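# Chains, contacts and geometry: an overview
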Amino acid sequence: MRRRTFLQSLLAVFGTVSAASFAYPLLRFLAPPADADRDKKFTLAKKDIPIGTSRVVLVNDKPVIVIYEKGKGYIALSSVCTHLGCLVGYEAAKNILVCPCHGGTYDLEGNVLSGPPPRPLSKVPLKVENEQLVIG
Ligand code: FES
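In this text, all values refer to a predicted model and were calculated from it rather than measured experimentally.

A few words now on the pairing of strand β4 (residues 73-78). Counting buried positions along β4 gives six out of six residues, so the element sits mostly inside the fold. Between the end of strand β3 (residues 62-69) and the start of β4, which pair antiparallel, lie three residues.

See below:
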């Protein structure tokens, strides 16, 4: 093999590897994620949430707070505060959700009661099927 041919082949291989190393991450970024894990529902036994308590579960990798309130039944809301993303907690004595970071408060419908949150918490679908709660 002549030196010139060898160098041209080496450059072609190097160029191909370089192009692939740029193209692959770009294609992975542009391609939509696999749908296999999307829209998965989370199932929780009713007995795991006594009246007046709450539980945070992950539904499609997003934290959801599930509350069992005496008058309203089961409620599922995103537990991510709409201000800066801290996780809200259920304060059973006042029947509100409180953000520990800047004191934002929400009612059990997710509406902002006070503090800096700009938007209500988003509701998460919840169905009661026999002794199970299906969330998501
Ligand atoms: S992050 Fe919740 S009030 Fe600021």
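With that settled, the discussion passes to helix α1 (residues 3-30). In this model, α1 (28 residues) spans 40 Å end to end at C-alpha, consistent with the 40 Å of a helix rising 1.5 Å per residue. Little of α1 is tucked away: zero of the 28 residues are buried.

Spatially, the three strands line up as an open sheet ordered β2-β3-β4, and their pairing is antiparallel. Looking at the sheet topology across the chains shown, the edges are occupied by β2 (53-59) and β4. Within this sheet the neighbouring strands show an average axis-to-axis angle of 25 degrees, counted without direction. Of the strand pairs in this sheet, β2 and β3 are connected by seven bridges, and their pairing is antiparallel. Each residue of the ladder has a partner; that of V56, found in β3, is I65.

What counts and what doesn't
- Residues numbered from 1 in each chain as written.
- Predicted model: local features only at pLDDT ≥ 70, side-chain atom pairs only at ≥ 80, totals over all residues.
- Heavy atoms only, no water.
- Buried < 20%, exposed > 50% of the residue type's maximum accessible area, 1.4 Å probe, protein only.
- Helix = DSSP H or I, 4+ residues; strand = E, 2+ residues; numbered from the N terminus.
- Pairing = 2+ DSSP bridges.
- Expected span 1.5 Å × (residues − 1).
- Axes fitted to C-alpha atoms, helices over the stretch in contact; angles between N-to-C directions.

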